[in-house]
Amino acid sequence: MYEVLTSQPPDLIDALRESWPRIAELLAELDAEQPLETRLSRLRHIGVVWYTQGGEAEVLTEMGLMLAERIKVSQGVVVSELLLAYGAAQEEQRTREWESHLLARVAELDGLHRIISAANSTLDLDASLQTVAETVAQVVNVEACSIYIYDKHRDELSLRATFGLNQASIGQVISHLGEGVTGWAAQLGHPVAVHDVWQEPRFNIEPQLGEETFRSMLAVPIVLFSAERYQFSSDKLQGVVTVQTAGPRDFTQEEISFVEVAAGELAFFIANAQLFQQTDERLHRKVRELTTLQQVSKRIAEQLGFREVLNLITEKAVELAQADRADIFQIGEDGTPQLIASHGGVGDGVRNFIAQTVREGRPLAVMNAYQDSRFPDLARVAADESFHSLFCMPLHARERTIGCICLYRQEPHLFDYDQVRLLNTFADEAAIAIENARLYEESQRALAVKSAMLQEMHHRVRNNLQTISALLAMQLRRMPTESQGARALRESSARIQSIAAVHNLLCREDVGVTTVEAVSRQVVESVRASMVSFEHPVEFTITGDGVQVGSRDATVLALVINELISNALTHGLSVEGGRVELNATRNNGFIHVEIRDDGPLHPRPETPAHRSGLGLQIIETLVSDDLSGMFELAQSPDDQWTCARVQFPHRLPDEEYDNS
């Protein structure tokens, strides 16, 4: 084996003894007498220490050549032992570094898994952001992590989650683009790492956060990249993630990359959560609008008065459209719109501008009345009536345009597609309600005229019947009181008076409608005046349900009741009077009238009255042919009452003439 001559100065080992104490100790141990294996172990130990203290392999080789001479061991053996130990220590160091690197990657993957799980497990944005902040702080090994969300409408960053800083500041801390390190990163669109924020003039301390003790900072924008990944713009910005440490720190590229990946996951989650929130809000708004529309339609349908319907429509139009004012215009006889109702203000300055809309039957939208080139004169009207935007909807009913509804807002506003559809539906409901109210008002006027005419007719018929009754009474005074002719005249006069009483009743009540009780009272009053004497008093009792009947049935029923009372007075109560009871009920679509007298309890006249049977024949004919009913005459089971029962169908006034 050939020995290598060294060119190293002979004082190298002495210099090492002075500068590297640990090497000096090992060299001293190596100089002592000891077995070869022990010396080789010492050499390996020197190689390891040499690497750990940053020594170079070339110098170690030179030192090995010199040691071989001193310890009387082959140069190849000494150098190989030193270099093998040096290489083993180096490899072990690399292994530990790779292990540390792999553990860091595992921690990052675990952190990303937790971030993705937090994003997918709930749509609660704030709860997920808090989990992400805690996870990033743990993986990057920092003391604080905060997440800001960018509000595009306000152009500002709002703190939504934080770990290691004041939790009470969530929602309170606001930052603008370009302000502070956070706003700087948001404006640039890429990460910003600051070794020491105390030396960074852009850094702004936020007192609410309590971040005075932190030194280093990393701010990574949350950006929703599309296919053009590196084309950053503010419309893709979703927010900013910041991490902070208590001491100065240089963040590694791996740490920055991890925060970037976490921010990328957050970007999609924030976008999805915001989209869900917007969809949910639109859905709830649509449900509220449809509920309001249903309630409004119901309330409008319940109203029949024309003026009440107009006022309710304008009021609910303001509520439904969240407008400041609503007007209803009706097409006049000359074809021009006429203001007929308003809520929230008064003025018809837009009448000339909406005329074409009404004629064409199409909506008109004006977002800003001061800038609409279609209507240069509208700005003056808008200034006078204090509005900016205008929306006009035609009212269609029975395949024609009857008017329009105009909505006004005091600030510029564009009614979107959903609002237009909702308001069009409301306008259709309103148009039907207005048309129905108009028809109802016209029918009420026509009914009032008809009622007056019918009352006048009943009044004249009553007067004519009373004239006929008076003529019969004059003729009756010229005849013997108890003669057959006098009795016939009295019965005829009573019948005429009964009919006259019904017409007297109808000329004072609703058109063509009265009650069985009212008819009975009129007949009783007429009978009491013409057929009941003071010597033979009769007590009349009228009870019942107040059953309504039409004029035709009332007239026939008056004749029937008159005949039955006349029959009771003539045959059962002629000696000493008595009691007559009348009762009317309705059951299962039939009217039941019962007239009973207590004639069986009173003595019979010595000379029975002549029985021609005409009265009963009249009753049976009237009940059967005119009332389509049944008649029954019988005594009560205890033989104390004579009962006459009339039953006939209960008909509405219109049905009387349909069945006649």
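Residues numbered from 1 in each chain as written. Predicted model: local features only at pLDDT ≥ 70, side-chain atom pairs only at ≥ 80, totals over all residues. Heavy atoms only, no water.

Novice: I keep staring at the overall build of the protein chain and nothing clicks. Help me out?
Specialist: The number of helices and strands found in the protein chain is 17 helices and 18 strands. A burial count over the protein chain gives 43% of its 660 residues as buried. Relative to all contacts within the protein chain whose residues are 6 or more apart in sequence, the contacts with residues 24 or more apart total 62%. Entry remark: accessible area of the protein chain is about 35200 Å², with carbon and sulfur atoms responsible for 51%. (Helix = DSSP H or I, 4+ residues; strand = E, 2+ residues; numbered from the N terminus. Buried < 20%, exposed > 50% of the residue type's maximum accessible area, 1.4 Å probe, protein only. Contact = heavy atoms within 4.5 Å. Areas by Shrake-Rupley, 256 points an atom, 1.4 Å probe, with all protein chains shown as cover.)

Novice: Can you help me understand the side chain of S636 in this one?
Specialist: By secondary structure assignment, the location of S636 is in the loop between β17 (630-635) and β18 (642-649). With residues near it in sequence (within four places) discarded, S636 still touches W641 and C643.

Novice: Honestly, the packing of helix α14 (residues 516-530) against helix α15 (residues 551-571) in this entry has me stumped. Any pointers?
Specialist: For any two helices packed against each other, one specifies the inter-axial angle together with the distance between the axes. Where α14 contacts α15, the axes come no closer than 9 Å and their chain directions differ by 45 degrees. The pairing of α14 with α15 is recorded here as oblique in orientation. Every pair of crossing elements has a handedness; the one defined by α14 and α15 is right-handed. Along the contact surface, α14 presents V516, V519, S520, V523, V524 and V527, while α15 presents A554, L557, A558, I561, N562, I565 and L569. By residue class, the composition of the contact of α14 with α15 is 11 nonpolar, 2 polar and no charged. (Axes fitted to C-alpha atoms, helices over the stretch in contact; angles between N-to-C directions. Parallel < 35°, antiparallel > 145°, perpendicular 65-115°, else oblique. Left-handed = near helix turned anticlockwise from the far one by under 90°. Nonpolar A, V, L, I, M, F, W, Y, C, P; charged D, E, K, R; others polar.)

Novice: Looking at this model, I keep getting lost on the sheet that holds strand β15 (residues 578-587). Mind explaining?
Specialist: Two orientations exist for strands paired in a sheet by backbone hydrogen bonds: parallel and antiparallel. Taken in spatial order, the 5 strands make up an open sheet running β13-β15-β16-β18-β17, and their pairing is mixed. The open sheet has two edge strands, β13 (538-544) and β17, and neither has a second partner. Neighbour to neighbour, the strand axes of the sheet diverge by 15 degrees on average, direction disregarded. Bridging between β17 and β18 involves 6 bridges; their strand directions are antiparallel. Bridge pairing in β18 links E632 to R645. (Pairing = 2+ DSSP bridges.)

Novice: It is not clear to me how unusual backbone geometry should be interpreted in this structure. Could you clarify?
Specialist: Most of the time, phi is negative for any residue but glycine, and the peptide bond is trans. Within the chain, Q322 stands out as a residue other than glycine whose phi angle is a positive 55 degrees. Its location among the elements puts Q322 in the loop between α9 (306-321) and β7 (325-331). Exposure remark for Q322: the relative accessible area of 59% places this residue in the exposed category. Non-glycine residue S386 carries a positive phi angle of around 60 degrees. Summarising the element assignment, S386 is placed in the loop between α11 (378-385) and β10 (389-397).

Novice: Would you mind showing me how to read the packing of aromatic side chains here?
Specialist: The description of an aromatic ring pair rests on the distance of the ring centres and on the angle between the ring planes. Summed over the entire model, instances satisfying the criterion amount to 4 aromatic pairs. Between F353 and F375, the ring centres sit 5.9 Å apart and the planes meet at 85 degrees, which makes this aromatic pair edge-to-face. Highlighted residues: F353 in the loop between β8 (337-343) and α10 (355-360) and F375 in the loop between β9 (364-366) and α11, separated in sequence by 22 residues. Each member of the pair, F353 together with F375, is buried. A centroid spacing of 5.0 Å and a plane angle of 35 degrees characterise the contact between F391 and F415, whose relative ring orientation is tilted. (Phe/Tyr/Trp six-rings, centres within 6.5 Å; stacked < 30°, edge-to-face > 60°.)

Novice: I'm lost on helix α6 (residues 125-140) in this one. Help?
Specialist: Helical geometry: 3.6 residues make up each α-helical turn, so side chains three or four residues apart lie on a common side. For α6, spanning 16 residues, the distance from its first C-alpha to its last is 22 Å, which sits close to the expected 22 Å at 1.5 Å a residue. Here α6 has its buried residues at L125, S128, L129, Q130, V132, A133, T135, V136, A137, V139 and V140. (Expected span 1.5 Å × (residues − 1).)

Novice: Any chance you could explain the pattern of salt bridges here in plain terms?
Specialist: A side chain of one charge can pair with a side chain of the opposite charge if their charged atoms are brought near each other. In this structure the tally under the stated criterion is 19 salt bridges. Across the pair E385 and R325 runs a salt bridge whose closest N-O atoms are separated by 3.0 Å. Here R325 lies in strand β7 and E385 lies in helix α11, a separation of 60 residues in the sequence. With respect to burial, E385 and R325 carry one shared label: buried. Look at the salt bridges and you will find they share partners, linking R325, D327 and E385 into a network. (Salt bridge = Lys/Arg side-chain N within 4 Å of Asp/Glu carboxyl O.)

Novice: So what exactly am I meant to see when it comes to the side chain of R215 here?
Specialist: Turning to its location among the elements, R215 is positioned in the loop between β4 (192-194) and β5 (216-223). In this structure R215 comes out as buried when scored by relative accessible area, which is 18%.

Novice: Teacher, can you tell me more about the pairing of β8 here?
Specialist: Each regular strand shows side chains that alternate between the opposite faces of the sheet. Relative to β8, β7 runs antiparallel, the two sharing 6 bridges. If you follow Q330 over to β8, its bridge partner there is Q338. Where β7 folds back onto β8 in an antiparallel hairpin, the turn is made up of 5 residues, including G335, whose phi is positive at roughly 85 degrees.

Novice: Before we go on, may I ask you to explain the environment of V48 in this structure?
Specialist: Looking at the element boundaries, V48 is found in helix α3 (residues 36-52). Looking at V48, the relative accessible area reads 34%, which means it is partly exposed. Sequence-distant contacts of V48, defined by excluding residues within four places in its chain, comprise A85 and A89.

Novice: What's the story with the sheet that holds strand β1 (residues 144-151) in this structure? I'm lost.
Specialist: Pairing is antiparallel in the open sheet, where 6 strands are placed in the order β3-β2-β1-β6-β5-β4. If you trace the sheet from one side to the other, it starts and ends with β3 (174-175) and β4, each paired once. Pairing of β1 with strand β2 (residues 156-163) involves 7 bridges; the strand directions are antiparallel. Residue pairing across strands places I149 opposite S158, the latter belonging to β2. This element, α6, spans β1, β2 and β6 (237-245) of the sheet and lies at about 65 degrees to β2.

Novice: Would you take a moment to explain the packing of α3 against helix α4 (residues 57-71) for this structure?
Specialist: Where α3 contacts α4, the axes come no closer than 11 Å and their chain directions differ by 160 degrees. Comparing the axis directions of α3 and α4 gives the class roughly antiparallel. With respect to the hand of their crossing, α3 and α4 are arranged in right-handed fashion. Of the residues in α4, those in contact with R39, L43, I46, G47 and W50 of α3 are A57, V59, L60, M63, L67 and I71. Across the contact of α3 with α4, the residue classes tally to 9 nonpolar, 1 polar and 1 charged.

Novice: Please clarify how the confidence of the model for the protein chain should be interpreted in this entry.
Specialist: Regions with low pLDDT carry predicted coordinates that are not meant to be interpreted in detail. For the protein chain, the mean per-residue pLDDT works out to 79, and 83% of the residues sit at or above 70. Per-element averaging of pLDDT across the protein chain places helix α17 (residues 653-658) at the bottom with 54 and β4 at the top with 92. Segment residues 1-10 is flagged for pLDDT under 50; beyond a separation of four residues in sequence, or across chains, it makes 13 contacts in the model. Taken as a whole, residues 226-232 scores under 50 in pLDDT and shows 10 contacts with residues more than four places along the chain or in a different chain. (pLDDT = per-residue confidence, 0-100.)

Novice: Any chance you could explain the environment of V346 here in plain terms?
Specialist: Relative to the helices and strands, V346 is located in the loop between β8 and α10. Residue classification places V346 among the exposed residues on the basis of a relative accessible area of 76%. Note: C-alpha distance between V346 and R325 (21 residues apart in sequence) is 8.6 Å.

Novice: Would you mind showing me how to read the environment of I147 here?
Specialist: Mapped onto the secondary structure, I147 falls in strand β1. Residues I147 and V220 lie 73 residues apart in sequence; the distance between their C-alpha atoms is 9.7 Å. Those residues in contact with I147, other than ones at most four positions away along the chain, are L129, V132, A133, S158, L159, R160, A161, I222, V240, V241 and L266.

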